[in-house]
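Tertiary structure, described
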Amino acid sequence: MRKHTHPFVPYRPDRYDEAGMIRRGEDFVSFLDGRRSVRFFSDDPVPRACIDLAVAAANTAPSGAHFQPWKFAVIGDAETKHRIRVAAEEEEQVNYEGGRIPPEWRAALARLETNSDKSFLDVVPWIVVCFAEKSTAMPDGSLRKNYYVNESVGIACGFFIAALHAMGLSTLTHTPNPMGFLTEICQRPGNERPYILFPVGYAAADCEVPDLARKPLTEAIAESPASTGLTANSRDCRNT
């Protein structure tokens, strides 16, 4: 019997036979493979409960020391959405028309046909901005340092995207650079920084996406002979 100095509870996740594991994995991959980033949205309303559920899914993500260093700002009013659009387009115009994007990055974006027009920010029913908390304000006014912030927030955003897809909603990982204007518009404190802006809604009836293929497993997996000797106890379990 292990002895702990802090509270622990039993954990007994479901186990499946080999065929069941593979079937569930294949179903999950097929489900996620149907997800695409969208830049053409419908203005049809989306229940606020869907946004809350997606954030609740993000909250289940592992994080360094279980500090959960994220905050999701939810914007649904037309005036604030428009302010965000105007500010985002100002930065993107400098990027695209002003030459701030280097030639190699511009070439990489060419097949996506992106530009400084972010009119979808006026169309979507919701904008959700994820902020990364480099430190967290405590009840006594002090700031607690957070650990593995980028990694933790990135995983949480992935869960958020998957949850939206599960509800039939679409989004885009929009990262206008720089993003400091989001701190002011969303009225967030200085210990947080904008991480990703998510427009959230239904894909437009005439939505189109670039005809892209995801890389095969032969390119995504790097076989490592040294990994065969790893045991469960030797893996890093600091993230919970």
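Residues numbered from 1 in each chain as written. Predicted model: local features only at pLDDT ≥ 70, side-chain atom pairs only at ≥ 80, totals over all residues. Heavy atoms only, no water.

Turning our eyes to something else, we now look at the environment of P103. If you trace the backbone, P103 turns up in helix α4 (residues 103-109). Exposure remark for P103: the relative accessible area of 64% places this residue in the exposed category. Distance in space between the C-alpha atoms of P103 and V149 is 31 Å, their sequence separation being 46 residues. (Helix = DSSP H or I, 4+ residues; strand = E, 2+ residues; numbered from the N terminus. Buried < 20%, exposed > 50% of the residue type's maximum accessible area, 1.4 Å probe, protein only.)

An order of β1-β2-β6-β5 is seen for the 4 strands of this open sheet, with the pairing classed as antiparallel. Looking at strand neighbours, the two that pair on one side only are β1 (70-75) and β5 (170-171), the edges of this open sheet. Here strand β2 (residues 126-133) pairs with strand β6 (residues 192-201) via 8 bridges, running antiparallel. Pairing of I127 across the sheet is with P199, part of β6. Along the sheet, helix α3 (residues 78-96) makes contact with β1, β2 and β6, crossing β1 at roughly 115°. (Pairing = 2+ DSSP bridges. Contact = heavy atoms within 4.5 Å. Axes fitted to C-alpha atoms, helices over the stretch in contact; angles between N-to-C directions.)

With 26 residues, the main nonpolar core has F72, V153, F160, F198 and V200 as its most contacted residues. Counting residues per element, this core draws most heavily on helix α6 (residues 149-166), at 8 residues. Leave out the neighbours within four places in its chain, and F72 touches V55, A58, V128, V129, C130 and F160. Counting residues in hydrophobic clusters, the runner-up holds 20 residues, among them F120, V124, F181 and C186. (Core = buried A, V, L, I, M, F, W, Y, C linked by side-chain atoms within 4.5 Å.)

With that settled, the discussion passes to the side chain of N191. Here N191 shows up in the loop between α7 (180-185) and β6. Assessed through its relative accessible area of 11%, N191 is described here as buried. Apart from the residues within four sequence positions on either side, N191 is in contact with A132, E133, K134, S135, T136, A137 and L143.

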